[in-house]
Amino acid sequence: MSSNNQEFIPDIEALTDQFQKLNKRKIESERDLVNAEKNLNELKQQAQDEYGTDQLDELKEKLKQIKAENERKRAEYHQTLEKIEADLAKIETEHHATDAS
């Protein structure tokens, strides 16, 4: 007689099917790993070519520097536009003053 505590053991077909599914997942995972490593190496090479390093901390620092430089340039551009606008307003005021004379 069988006991209620006895664990169910699948038949050989079910085990074979389970093995094949797991083996397929293993093969897909290995392929994905190879592709991910290839992609990582390509990105590292691109970072090395463009920024002179592929080290994450150095790239973060370079990004911080680039952002600071962009902010400085944006502020300069804003000041230039403000000056142009003020100069145009001055010219318009002078032009209207000469028209009124």
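In short, a report on the structure.

Concerning the overall build of the chain
Part 1: Each helix and strand counted, the chain has 2 helices and 0 strands in total.
Part 2: What you see for the chain is a C-alpha radius of gyration of 35 Å, clearly larger than the 13 Å of a compact globule of 101 residues, by over 25%.
Part 3: Structurally, the chain occupies a C-alpha span of about 120 × 35 × 20 Å along its principal axes.
Part 4: For the chain, with 101 residues in total, the buried portion stands at 2%.
Part 5: Total accessible area on the chain stands at roughly 9,700 Å², and carbon and sulfur atoms take up 54% of it.

Re a nonpolar patch on the surface
Part 1: A contiguous nonpolar surface patch, about 510 Å² in accessible area, is contributed by Y77, L81, I84, L88 and I91.
Part 2: Among the secondary structure elements, I91 is positioned in helix α2 (residues 56–100).
Part 3: Judged by its relative accessible area of 51%, I91 is exposed.

Section: the pattern of salt bridges
Part 1: Counted under the stated rule, the structure contains 9 salt bridges.
Part 2: K73 serves as the salt-bridge partner of E69, at 4.0 Å between the closest nitrogen and oxygen. Pair noted here: E69 and K73 are both in helix α2, with a separation of 4 residues, about one helical turn.
Part 3: When its relative accessible area of 31% is taken as the criterion, E69 is described as partly exposed.

Brief notes about the environment of A68
Part 1: You can see A68 is positioned in helix α2.
Part 2: Separated by 20 residues in sequence, A68 and L88 have C-alpha atoms that sit 30 Å apart.

Cut-offs and rules
Residues numbered from 1 in each chain as written. Predicted model: local features only at pLDDT ≥ 70, side-chain atom pairs only at ≥ 80, totals over all residues. Heavy atoms only, no water. Helix = DSSP H or I, 4+ residues; strand = E, 2+ residues; numbered from the N terminus. Rg over C-alpha atoms; globule rule 2.2 N^0.38 Å. Buried < 20%, exposed > 50% of the residue type's maximum accessible area, 1.4 Å probe, protein only. Areas by Shrake-Rupley, 256 points an atom, 1.4 Å probe, with all protein chains shown as cover. Patch = residues over 30% accessible without salt bridge, like charges linked within 9 Å, V, L, I, M, F, W, Y side chains within 5 Å. Salt bridge = Lys/Arg side-chain N within 4 Å of Asp/Glu carboxyl O.

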